[in-house]
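Chain and residue survey
Take a look at the letters that make up each chain.
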Amino acid sequence: MRILISGGTVVNAGGSVEADVLIDGETVSAVGRGLSRGAGGGSVQVDRTIDASGKLVIPGAIDVHTHMELPFGGTFAKDTFETGTRAAAFGGTTTIIDFAVQTRGRSLREGLDAWHAKAQGNAVVDYGFHMIMSDVTDESLVEMDQLVAEGVTDFKLFTAYPGVFYSDDGAIFRAMQRTATNDGLIMMHAENGMAIDVVAAQAVEAGNTDPYYHGVVRYPIFEGEATNRVIRLAEAAGVPVYIVHLSARDALDAVRGARDRGVNAFAETCPQYLFLSLEDMGNGFEGAKFVCSPPLRTADHQPELWSGLVKDDLQLVATDHCPFDFHDQKQLGQGDFRKVPNGLPGVEDRVDLMHDGGVVGGRISRERWVEIIAAAPARMFGLEGVKGVVAAGADADIVIYDPERRHTISASTHHMNVDYSCYEGRQVVGGSDVVLSRGKVVVENGQFTGARGDGRFLKRRAVGPTLA
Ligand code: URP
Ligand code: ZN
Ligand code: ZN
């Protein structure tokens, strides 16, 4: 199948150009002007031409932080690989990197196999895996090398959630040391979980059980302290480190300080920390809709996060998509905010929120927008040249994006398998018109035209030592 996308503005992180895009099978074969005219003066033979006049032609976005079917707090994140990747596609995201989970006391292999089984035959767009490492042992350290060789190149460890995913400093340091030899990358959930548990227990004892207090007890300084600590550990191990879902200025200060010292510290933030705030967690149990960790912060953190994105102290925006229904799953936390399953839906909204708040809002250029939603994720997670760029030789994961379309985000129209939206009623400017995944149109005219099982596992390159 040959497709010509004609007359659009191709936006890559490195620049924009008025150009056509020729797709041959699953890959882009050419980007340039006048591609409809063949070399000999005749017209090029294509099966289909898509008119992109007045539209942006951008690389399919990459969300490097999702949790499909994550077991958490006695339940499971509600989106499956089928429903979650379908929703992602509607929102212009054509690659996700999800977190496989090592259960404490079990092998990495067992966890990874379970995630392959969930995704294979179900995902509608391409996917990769990071590995959540809950148990650092002699055996699991050896397994890390094997996973890196299989294209599962990153390992998430936690200074939060004692008794569940938590690792102590020694375990974190050992895993970091291992990446110095296997070229993997350590991703850190950096909040001081031990201290948080003390304050949380005190809050509940004092009768402060509403979801709002989830946001209160997880102090920004606890995130700042843990972020600084894990960066220092990575420095000592001589490896890069990547901070996931950074929410607070305290943590950003730690990342910026490290980068100013020349340390290879990297971080993502998420739309919820740019667009939502602690105030959203008020209103009684309704606040459970917004319970995630790290929690939403007071609004004064937001301009600093935007500034971090502008100055590249934050390299990218991912969603941490982890949806739980409000009407049943979130209710597990009635009477005790500690029991609310942690996580928010968002995989479908990121591209539009970042376009609206970032580009339309005048904070970032459209090239920077493409950088933080697609190009940096590809570069940092071993997909450079394949995803995250509209260029000859790359996978034809392409979004024809209408930068002027207005729409209202709502649970009544979104495609995520969850009964509420954190952005209910928010009007955004910009929307994905046509979405292609490896040369196949998967969303068009508001309809899904892809197929369950078309998504492929992405064996990613290890990039640890090359990150700078
Ligand atoms: O609240 C969150 N972030 N839930 C998902 C698990 C995690 O820590 O990323
Ligand atoms: Zn986390
Ligand atoms: Zn997460």
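Look up: the structure comes first, before these words.
Keep in mind it's a predicted model, so treat the numbers as computed, not measured. (Residues numbered from 1 in each chain as written. Chains lettered and ligands numbered in written order. Predicted model: local features only at pLDDT ≥ 70, side-chain atom pairs only at ≥ 80, totals over all residues. Heavy atoms only, no water.)

**Topic: the overall build of the protein chain**
What counts here: Secondary structure follows DSSP: runs of H or I at least 4 residues long count as helices, runs of E at least 2 residues long count as strands, and numbering of each begins at the N terminus. Atoms considered for the radius of gyration are the C-alpha atoms alone. The globule rule reads 2.2 Å times the number of residues to the power 0.38. Each residue's exposure class comes from its accessible area (1.4 Å probe, protein chains only) as a fraction of the maximum for that residue type: buried when under 20%, exposed when over 50%, partly exposed otherwise. Throughout, a residue-residue contact means that at least one pair of heavy atoms, one from each residue, lies within 4.5 Å.
Each helix and strand in the protein chain was counted, giving twelve helices and 19 strands. Against the globule reference of 23 Å for 468 residues, the protein chain gives a C-alpha radius of gyration of 21 Å, in line with a compact fold. Within the span of the protein chain, comprising 468 residues, buried residues form 61% of the whole. In the protein chain, of all internal contacts separated by at least 6 residues, the share reaching a separation of at least 24 is 75%.

**Thoughts on the layout of surface pockets**
Spelled out, the test is: Using a 1 Å grid laid over the protein atoms alone, points where a 1.4 Å probe fits but cannot get out form a cavity; open sets with protein on both sides within 12 Å along at least 5 of 7 lines form a pocket; any residue with an atom within 4 Å of a point counts as lining. Grid points are joined across faces, edges and corners, and a volume is the space filled by probe spheres set on the points. Residue polarity follows a fixed list, in which Ala, Val, Leu, Ile, Met, Phe, Trp, Tyr, Cys and Pro are nonpolar, Asp, Glu, Lys and Arg are charged, and the others, Gly among them, are polar. In this entry, domain limits derive from an automatic or database-based domain assignment.
Roughly 490 Å³ of internal volume is contained in the largest pocket. Listing elements by their share of the lining of the largest pocket, those giving two or more residues are strand E7 (71-72), helix H5 (193-205) and helix H6 (212-217). Top element by residues in the lining of the largest pocket is H5. It accounts for three residues. Counted as a void, the second largest pocket has a volume near 370 Å³. For the second largest pocket, the lining is made up of 19 residues, of which Phe-90, Glu-348, Arg-405, His-407 and His-415 are closest to its centre. When contributions to the lining of the second largest pocket are tallied by element, the ones reaching two or more residues are strand E16 (398-408) and strand E17 (427-437). Considering only residue class, the lining of the second largest pocket consists of three nonpolar, eleven polar and five charged. Summarising the domain contributions, the lining of the second largest pocket has at least three residues from each of domain 1 (2-58 + 393-404 + 429-448) and domain 2 (60-380).

**Regarding the side chain of Glu-223**
Along the chain, Glu-223 turns up in helix H7 (residues 220-237). The exposure class of Glu-223 is buried, given its relative accessible area of 2%.

**Points about the nonpolar core**
For clarity, the cut-off: In this text, buried Ala, Val, Leu, Ile, Met, Phe, Trp, Tyr and Cys residues form a nonpolar core when linked through side-chain atoms within 4.5 Å.
Core analysis: the largest hydrophobic core is formed by 128 residues, its most contacted members being Phe-155, Met-176, Tyr-242, Ile-243, Met-354 and Trp-369. Taken domain by domain, this core gets at least three of its residues from each of domain 1 (2-58 + 393-404 + 429-448) and domain 2 (60-380). Each residue touching Met-176, except ones within four places of it in the same chain, is listed here: Ile-186, Met-188, Val-230, Leu-233, Ala-234, Ala-237, Val-239 and Val-241. Membership of the second largest hydrophobic core comes to 17 residues, among which are Val-10, Ile-398, Ile-400 and Val-434.

**With respect to the site of ligand 1**
This is how the line gets drawn: A single heavy atom is enough: if one lies within 4 Å of a molecule or strand, its residue is considered near that molecule or strand. Any pair of N or O atoms that falls within 3.5 Å is considered a polar contact. Within protein, one atom must be able to donate a hydrogen and the other to accept it, and sequence-neighbouring residues count only if both atoms are side-chain atoms. What sets the accessible areas is the Shrake-Rupley method with a 1.4 Å probe; for residues, cover comes only from the shown protein chains. Pocket occupancy is defined atom-wise: a molecule lies in a cavity or pocket when more than half of its atoms are within 2 Å of its grid points.
Surrounding ligand 1, one finds 13 residues, the nearest of these being Lys-156, Tyr-161, Ser-293, Asp-320 and Asn-342. At a separation of 3.1 Å, an oxygen atom of ligand 1 approaches a polar side-chain atom of His-67. Note that an oxygen atom of ligand 1 is positioned 2.8 Å from one of the backbone N or O atoms of Ser-293. Here ligand 1 loses 99% of its free accessible area of 260 Å² to cover by the protein chains. When atom positions are compared with the pocket grids, ligand 1 is found to occupy the largest cavity. In the shell around ligand 1, the residues fall into four nonpolar, seven polar and two charged.

**Description of the coordination of the zinc ion (ligand 3)**
Here is the rule: Water is not among the atoms examined, so metal sites may look incomplete; donors are the N, O and S atoms within 2.8 Å of the metal, or within 3.2 Å for Na, K and Ca. Key to geometry: four donors with every angle between 85 and 135 degrees are tetrahedral; four donors are square planar and six octahedral where opposite donors lie over 155 degrees apart and all remaining angles lie between 65 and 115; all other sites are irregular.
Those protein atoms acting as donors to the zinc ion (ligand 3) are His-65 (NE2), His-67 (NE2) and Asp-320 (OD), and they sit at 1.9 to 2.1 Å. Coordination at the zinc ion (ligand 3) is irregular: its four donor atoms span angles of 89 to 139° at the metal. For the zinc ion (ligand 3), the donor residues sit on a single chain with the sequence spacing H-x1-H-x252-D. A separation of 3.9 Å is found between the zinc ion (ligand 3) and the zinc ion (ligand 2). Residue His-67 is found in the loop between strand E6 (61-66) and E7, and its partner Asp-320 is found in the loop between strand E15 (316-317) and helix H11 (350-360); the two are separated by 253 residues along the sequence. Of the two residues examined, His-67 and Asp-320, each falls in the buried class.

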